[in-house]
Amino acid sequence: MNRLILGTSAVAEPFWEATKQQKFMLQFCTGTGKAIWYPRNFSPYDLNAGVEWREVEANGTVYAVSVMHRPGNPAMVEAVPYVVALVDLDEGVRLMSNVVNCDPDSVKVGDRVKLAWEPIAEGRHLPVFELA
């Protein structure tokens, strides 16, 4: 499944640049040490501009799951049915992604997932997940 991701914001550019080497980067608050997702200019924990990027493993647990039988957008028409999941990363943040390379109906809340990568535009990769 090759999706076109258009532009990125300046604050998210370090994340997308790292995906070219299939590295998953999270921001961390320098005051509290807590992970931050989605990328931002300041920490939501202490409202300080002290944030730093760190590479993480980005494995986690499925928090919620839905199997899409109709595409959410035209770029996904060839992928149906596909899994959209909220994943709680071990680093302490929740993000939305896809669980791939499995029977879509086999993905359940509580399943462990591991990071995988899907090539997209401009040499970048989209982080997706596989069942662990």
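Please refer to the structure higher up on the page.
Reading guide: rules and limits
Residues numbered from 1 in each chain as written. Predicted model: local features only at pLDDT ≥ 70, side-chain atom pairs only at ≥ 80, totals over all residues. Heavy atoms only, no water. Salt bridge = Lys/Arg side-chain N within 4 Å of Asp/Glu carboxyl O. Buried < 20%, exposed > 50% of the residue type's maximum accessible area, 1.4 Å probe, protein only. Core = buried A, V, L, I, M, F, W, Y, C linked by side-chain atoms within 4.5 Å. Contact = heavy atoms within 4.5 Å. Phe/Tyr/Trp six-rings, centres within 6.5 Å; stacked < 30°, edge-to-face > 60°. Lys NZ or Arg CZ within 6 Å of the ring centre and 35° of its normal. Helix = DSSP H or I, 4+ residues; strand = E, 2+ residues; numbered from the N terminus. Polar contact = N/O pair within 3.5 Å; in protein donor to acceptor, adjacent residues only side chain to side chain.

A.B. asks: Can you break down the pattern of salt bridges residue by residue, with the values?
C.D. replies: For the structure on display, the rule yields five salt bridges. Note that Glu52 is salt-bridged to Arg54, the shortest N-O span being 2.8 Å. Arg54 sits in the partly exposed class, given a relative accessible area of 33%.

A.B. asks: Outline the nonpolar core, listing residues and values.
C.D. replies: Grouped together as the largest cluster of nonpolar side chains are 27 residues, with contacts concentrated most on Phe24, Leu26, Leu89 and Phe129. With residues up to four places along the chain from it excluded, the contact list for Leu26 reads Ala35, Ile36, Trp37, Glu52, Trp53, Arg54, Val56, Leu89, Glu91 and Val93.

A.B. asks: Describe the packing of aromatic side chains, naming the residues involved and giving the relevant values.
C.D. replies: Taken as a whole and judged by the stated rule, the model has four aromatic pairs. Each ring, one from Phe15 and one from Trp16, has its centre 5.1 Å from the other, and the planes form 85°; the classification is edge-to-face. For Trp16, a relative accessible area of 13% puts it in the buried group. Ring geometry for Phe15 and Phe24: centres 5.4 Å apart, planes at 85°, overall edge-to-face. Take Phe15: its relative accessible area is 2%, and that puts it in the buried class. An aromatic cluster is built from Phe15, Trp16, Phe24 and Trp37, whose rings are joined through pairwise contacts. The side chain of Arg40 reaches across the aromatic face of Tyr38, ending 4.0 Å from its centre. For Arg54, the ring lying beneath its charged end belongs to Phe28, and the centroid distance is 4.2 Å.

A.B. asks: Got a sec to walk through the environment of Val83? Specific residues and values, please.
C.D. replies: One can find Val83 in strand 5 (residues 82-89). The class for Val83 is buried, based on a relative accessible area of 0%. Sequence-wise, Val83 and Asn98 are 15 residues apart; in three dimensions their C-alpha atoms are separated by 5.3 Å. Filtering out sequence-adjacent residues up to four positions away, Val83 remains in contact with Val65, Ser66, Val67, Ser97, Asn98, Val99, Pro104 and Val107.

A.B. asks: Break down the side chain of His125 for me, with residues and values.
C.D. replies: With respect to the helices and strands, His125 occurs in strand 8 (residues 125-131). From its side chain, His125 meets the backbone oxygen of Thr19 in a polar contact 2.9 Å long. A distance of 3.2 Å separates polar atoms of two side chains, one belonging to His125 and the other to Gln22. Discounting chain neighbours no more than four positions away, the residues touching His125 are Trp16, Thr19, Lys20, Gln22, Trp117, Glu118, Pro119 and Ile120.

What is shown is where atoms sit, not what they do.
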